[in-house]
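# Examination of the molecular architecture
Here is how the chains run, residue by residue.
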Amino acid sequence: MRDISILIADDANEIADLVAIHLEREGYYCIKVSDGQEAIRVVETQVIDLLILDIMMPKMDGYEVTRRIREQHNMPIIFLSARTSDFDKVQGLVIGADDYMTKPFTPIELVARVNAQLRRFMKLNQPKKEADNNTSVEYGGLVISPDHHTVTLYGESIELTPKEFDILYLLASHPKKVFSVENIFRQVWGEAYFEGGNTVMVHIRTLRKKLEEDKRKDKWIKTVWGVGYTFND
């Protein structure tokens, strides 16, 4: 198994060295560059799993580097910058960064954020075990196909968003198992659960409407009050 590669782009050599020292202790392979153009070149010619970018760099700033990288790549990007305004943070996140840390920084916190971003990225990019089987799930006129990412109800196609599909397939693949809202959020969104409860409930409400559960006496998605949701086969 290859080492996880992290690109550190910062024109302050002492900062790049400090970051590399702490990440290499975690077992990561670090590549250091001092300008934006070189950062682009490395991403285009080598396998990079995560980027740590300064904003103010020679030849091309971190914002432009992020814009160009996001045209073709989806690896995590963390800004590490002396700019501390909310505007800079929001701008960085809007153009495609996954996290934003300000200088001066605590190396142990940076390492923790790198680990968190990589865990999330690796999880999101792993094929779901259920989908690996390419097995359709069928219940009384409802057919869910993970291979084609389609849902039909009595032969009629049901248009679901990716998140709605993932929620439905998660529940239908484990009939009678009760999933908490937190569990659903973690498995479908692949993120730490903060205030995701309302997000899950809104998606399930829309999903029930698309499945025409208001016309059915027996519901496929059953609410277990105080616990979560289950698929009632």
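Residues numbered from 1 in each chain as written. Predicted model: local features only at pLDDT ≥ 70, side-chain atom pairs only at ≥ 80, totals over all residues. Heavy atoms only, no water.

### Describing the packing of aromatic side chains
Given two aromatic rings, their pairing is described by the distance between the two centres and the angle made by the two planes. One pass over the full model with this rule turns up 4 aromatic pairs. Here the aromatic rings of Tyr 63 and Phe 79 are separated by 5.6 Å at their centres, their planes lie at 80°, and the arrangement is edge-to-face. On the criterion of sequence distance, the pair formed by Tyr 63 in helix H3 (residues 62–69) and Phe 79 in strand S4 (residues 77–81) is long-range, its members being 16 residues apart. Each of the two residues, Tyr 63 as well as Phe 79, counts as buried. An aromatic cluster of three or more residues is present, and its members are Tyr 63, Phe 79 and Tyr 100. (Phe/Tyr/Trp six-rings, centres within 6.5 Å; stacked < 30°, edge-to-face > 60°. Helix = DSSP H or I, 4+ residues; strand = E, 2+ residues; numbered from the N terminus. Buried < 20%, exposed > 50% of the residue type's maximum accessible area, 1.4 Å probe, protein only.)

### Brief notes about the packing of helix H2 (residues 36–45) against H3
Where H2 contacts H3, the two axes come as close as 9 Å, and the packing angle between them is 20°. Here H2 is positioned roughly parallel relative to H3, judged by the angle of their axes. The two elements H2 and H3 cross, and the hand of that crossing is right-handed. Contacts between H2 and H3 involve Gly 36, Ala 39, Ile 40 and Val 43 from the former and Val 65, Arg 68 and Ile 69 from the latter. (Axes fitted to C-alpha atoms, helices over the stretch in contact; angles between N-to-C directions. Parallel < 35°, antiparallel > 145°, perpendicular 65-115°, else oblique. Left-handed = near helix turned anticlockwise from the far one by under 90°. Contact = heavy atoms within 4.5 Å.)

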